[in-house]
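Survey of secondary and tertiary structure
The chain contents come next:
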Amino acid sequence: MAFALPVWLAVQKELLEQTHVDPTCFDQFDDGALFLVFHLTRPCIAFITDAVRIRLKKIDSKKGELCADEMVMVALNYYAHGVASPDLLLRAGQSQADCPEILSTVSEVLAGMSDAFISFPLFHNAKNSVASRIEKFCGIPNALGVLAPAHFRIRASPYEKERFRSFLNTLGFTSVSSQLICDSDGNILSVEKCCVGSMYEEDMWYSSIKGKEMEEEVHGPFWVIGGKGYNLSKHVLTPVAEPTNEKEIRFNEAHTKIQKVMRNTLGSMKWRFRCLMQLGFANDESLDKKNNIIKACCVLHNLAKKFSVPPPPVAGKIEPLHPSKLRTVPAKIIPEALKARQEIIDVKFSSSFSSQDTSNQDT
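In this numbering scheme, every chain counts its residues from 1 along its sequence in written order. Totals for whole chains, interfaces and linings use all residues, but because this is a predicted model, local features are given only for residues with pLDDT of at least 70 and pairs of side-chain atoms are given and counted only at 80 or more. Heavy atoms throughout the structure, all of them, feed into the side-chain values; hydrogens and water do not.

The disulfide definition used here is simple: a pair of cysteine sulfur atoms within 2.5 Å. According to the stated counting rule, one finds 0 disulfides in the structure shown. In this structure cysteine 298 is a free cysteine whose sulfur lies 7.2 Å from that of cysteine 297, the closest cysteine sulfur available.

Turning our attention to the side chain of lysine 210. Looking at the secondary structure, you find lysine 210 in helix H10 (residues 209-215). Partly exposed residues are those whose accessible area sits between 20% and 50% of the maximum for their type, while under 20% is buried and over 50% is exposed, using a 1.4 Å probe and protein chains only. According to the relative accessible area criterion, lysine 210 is buried, its value standing at 12%. Any two residues whose heavy atoms approach within 4.5 Å at even a single point are treated as in contact. Not counting residues up to four positions away in its chain, the partners in contact with lysine 210 are Phe120, Gln179, Ile181, Ser190, Glu192, Trp205 and His219. Working definition: helices are DSSP H or I runs of at least four residues, strands are E runs of at least two. Numbering for both runs from the N terminus.

Turning to the packing of aromatic side chains, a few remarks are in order. Working definition: a ring pair exists when centres of Phe, Tyr or Trp rings (six-membered ring for Trp) sit within 6.5 Å. Plane angles under 30 degrees give stacked, over 60 give edge-to-face, the rest tilted. For the structure on display, the rule yields 7 aromatic pairs. With 5.5 Å between their ring centres and 85° between their planes, phenylalanine 29 and phenylalanine 38 make a pair best called edge-to-face. Classification of phenylalanine 29 by relative accessible area gives buried; the value is 8%. The aromatic ring of phenylalanine 173 is capped on one face by arginine 153, whose charged end is 3.7 Å from the ring centroid. Positioned above the aromatic ring of phenylalanine 137 is the side chain of lysine 257, whose terminal nitrogen or guanidinium carbon lies 4.9 Å from the ring centre. Criterion for a charge above a ring: Arg CZ or Lys NZ at most 6 Å from the ring centre, at most 35 degrees from the ring normal.

Another aspect to go through is unusual backbone geometry. One non-glycine residue, asparagine 142, lies in positive phi territory at about 60°. With respect to the secondary-structure elements, asparagine 142 resides in the loop between helix H8 (124-138) and strand S1 (143-153).

Written as structure tokens, this is what we have:
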């Protein structure tokens, strides 16, 4: 699960205690139109709206004259399409000039819900559950998730090339990047504060909260599965750079299989929340606002999965995970980590059927 069951039940209880249900601005849409406009279903939207309404009561909103439902309606429409529909804004009695403030407020509230709805496994049973599902999926044991940087395009001014140079990523476009961890079902377990697109994955990991926790043994003897941009360490499991035998090849194939889950998760997020395909102009001072939008979409992604919301129509190809930004000086190999990875390869991948469900299909 993307978040602990007690948390989920507590939030549901908080919402169900509201016995009186008023009409909302979403009632004007039938179910088909609702999905086209927001890429979410009615039960999911109702839960989101109620959760945001509760939290908006606890903060000072500059949009006090606009009800919470209308604010959520404008924000969800923006997340789904990357721009708020003029017709929808008209229904809410707002203009395009009002959209940034509404989006900022709702994104801040949703991002603040990440502690409840984006949950890294903390307790023994939860860790074992996530790890066993990953092992069943690809054969790799003792892993708490798949680690990758997620890149989101931004616009750069052609007149300020030097200012935007740090945002240039390995695919040659400007972006901000967030470190994500997901499980084998595509639930997001962790999302870290976004940074400029040129940052090395390894630097992102060691400066992140989850990176520090893992390396300090807070989560015990578990791995996260990372790509070639990361160094093999005690808690980051990378593929074999140059496999020399069948079992190493099988291990790399398993590694690729679980990495595809992350690729598909990011693709699914960007299809449903197309604002992530282009976050607009950004600079070092605006990273917090971009971070709130990214976190908000991660919360909504997990909620969409919880409510079994189908994906919207596919718009284009799945963007590949970004090529690693390689350092000029090779990293030192940690003997203990190399030995631990080799033990996994020897025990779990010595034959094509070892600890793997060959009936599993690639995600």
